[in-house]
Amino acid sequence: MHPVDLVIRGRRVVTPHGVEPASVHITRGYISSISIFEDVPDGAELVEAHDSVVMPGLVDTHVHVNEPGRTEWEGFETATRAAAAGGVTTIVDMPLNSVPATTTHAAFNQKVEAAQGKLHVDTGFWGGVVPGNTSELRKLWDAGVVGFKCFLIHSGVDEFPNVSERDLREAMPELARLGALLIVHAEVPGPVDACCQSASEAPARSYETFLRSRPREAENEAVAMMIDLCRATSCRVHVVHHSSADALPILRQAKASGLTITAETCPHYLHFAAEDIPDGATEFKCCPPIRERENREQLWDALRDGTIDFVVSDHSPCPPDMKLPDEGDFMNAWGGISSLQLRLPIIWTEAAARGFTIEDLVKWLCREPARQVGLEIVKGSIKEGGDADADIVIWNPEREFTVEPSILHHRHKVTPYNGEVLRGVVEKTFLRGQIVYDDGRFYGPYGRALFRT
Ligand SMILES: [Zn+2]
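Reference entry: report on the structure contained in this document.

Calculation notes
Residues numbered from 1 in each chain as written. Predicted model: local features only at pLDDT ≥ 70, side-chain atom pairs only at ≥ 80, totals over all residues. Heavy atoms only, no water. Donors = N, O, S within 2.8 Å, 3.2 Å for Na, K, Ca; no water. Buried < 20%, exposed > 50% of the residue type's maximum accessible area, 1.4 Å probe, protein only. Salt bridge = Lys/Arg side-chain N within 4 Å of Asp/Glu carboxyl O. Helix = DSSP H or I, 4+ residues; strand = E, 2+ residues; numbered from the N terminus. Contact = heavy atoms within 4.5 Å. Pairing = 2+ DSSP bridges. Axes fitted to C-alpha atoms, helices over the stretch in contact; angles between N-to-C directions.

1. A look at the coordination of the zinc ion
Part 1 of the reasoning: For the zinc ion, the full set of protein donor atoms is His62 (NE2), His64 (NE2) and Asp314 (OD), and the range of their distances to it is 2.1 to 2.2 Å.
Part 2 of the reasoning: All donor residues of the zinc ion come from one chain, and their arrangement in sequence is H-x1-H-x249-D. Here the two residues His62 and His64 agree in accessibility, since each one is buried.

Here it is in structure tokens:
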């Protein structure tokens, strides 16, 4: 047995038994045991969290890094620094917005190559399902992607075309054979096309115009189709960035019937409300859109009852001029919100106000996202036994701060969270027992590329 080399202890450690005073013993980067607060073995380095919370590093399975090919939008270096500063120790990169898109084995190799030496946190990769690439899926899976993403509507970039139901009837049986998860951007074009025609007359600076152009029906129909395909093909399905509350009843029903379907939502759908978004404020544009306050509260109810499984950022940056800030044109601005660094305080601010606990937070931000990508043994919880990586964040849940561009570490600082007062300050982030972020300072890069095993 190797000796314990690091102890992180505090009065509020989130363990499988609850939130309690404890010492987390770390041996060679793994959590070897969880002991009583007073137990600090001789020779071990001691980090005192005092009254701050000690919890698992966050897992964010929905991040658009965009490298290679669109590194001027965001890259591995900047994205993973932002992650470390936000207490996130694992991200999973989306297969699109990089060039090439991760839809072939060759492209996956380029992606992994591009990440070398730049990772401040551990990073896994999604592959993509596009029309005609069924023969690549097994190769991508064997190479180590954690699962596959598809779009049912134009993705925003031409090199990642969306699939039709017919394409999915070809691809999903192959994914079912592999045992792979399919994650889906669940909006179908029909209702959007119909609304866009009538919206073309309306003022493009108005948020209302944009909201009407991406109606709930587009999500509702897409979710219904994916439930049918899940049932027909036995392929595991996950709905990304779910926004429409009207689709929650069928999701709830599908889960109750035993189908392997899960769903996530994002901080912006849980924090903002359409009624408050000023005209021309294109930093709020994302697809599907931020909807009404009443919709937001139903998303919270769905988190409460487990219909929505977890919350990830959908960090999706672009150069500031693509947001068309001068025109304020919602219809032509790039859709995407950058919040990789802010997920913990946004969700804590909103969750605490609704009576949720830090254990709920760990479930939504750490444990369930890790489970989604098959990393639940090594990531997403502080548990003893030597299997779990010592990925830990220490943060203060009582302190507040104001979001300003100067505190953000992702490449472009445009964000709708500017000026927001949030609760929860990340103090220290540890990756496999090594400190990677300490009160504004970075150490590393110590991150690794993660491959499905
Ligand atoms: Zn996304």
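2. Digging into the pattern of salt bridges
Part 1 of the reasoning: By the definition in use, this model includes 31 salt bridges.
Part 2 of the reasoning: Ionic pairing is found between Glu219 and Arg291, a salt bridge with its closest N-O pair at 2.8 Å. Placement of the pair is Glu219 in helix H7 (residues 216–233) and Arg291 in the loop between helix H9 (267–271) and helix H10 (293–305), with a sequence separation of 72 residues. In terms of burial, Glu219 and Arg291 fall into one category: buried.
Part 3 of the reasoning: Arg354 is the partner of Glu350 in a salt bridge, and the nearest nitrogen-oxygen pair spans 2.7 Å. Comparing Glu350 with Arg354 shows no difference in burial state: the two are buried.

3. Describing the environment of Phe148
Part 1 of the reasoning: Take Phe148: it is sitting in strand S9 (residues 148–151).
Part 2 of the reasoning: Under the relative-accessibility criterion, Phe148 is labelled buried at 0%.
Part 3 of the reasoning: Distance from Phe148 to Pro95, taken between C-alpha atoms, is 8.2 Å for residues 53 residues apart in sequence.
Part 4 of the reasoning: Among residues more than four places away in sequence, those in contact with Phe148 are Trp126, Gly127, Gly128, Val129, Leu137, Leu140, Trp141, Leu175, Ala180, Leu181, Leu182 and Ile183.

4. Description of the sheet that holds strand S1 (residues 6–15)
Part 1 of the reasoning: Taken together, the eight strands give an open sheet; going across it, the order is S3-S2-S1-S4-S14-S15-S16-S17, and neighbouring strands pair in mixed fashion. Whereas interior strands pair on both sides, the edge strands pair on one side only; in this sheet they are strand S3 (30–35) and strand S17 (441–442).
Part 2 of the reasoning: Strand contacts of helix H11 (residues 343–353): strand S4 (45–56), strand S14 (392–402) and strand S15 (421–431), with the helix running at about 130 degrees to S15, the strand carrying the most contacts.
Part 3 of the reasoning: Against the sheet, helix H12 (residues 358–372) makes contact with S1, strand S2 (18–27), S4 and S14, and its axis sits at roughly 90 degrees relative to S4, the strand it touches most.

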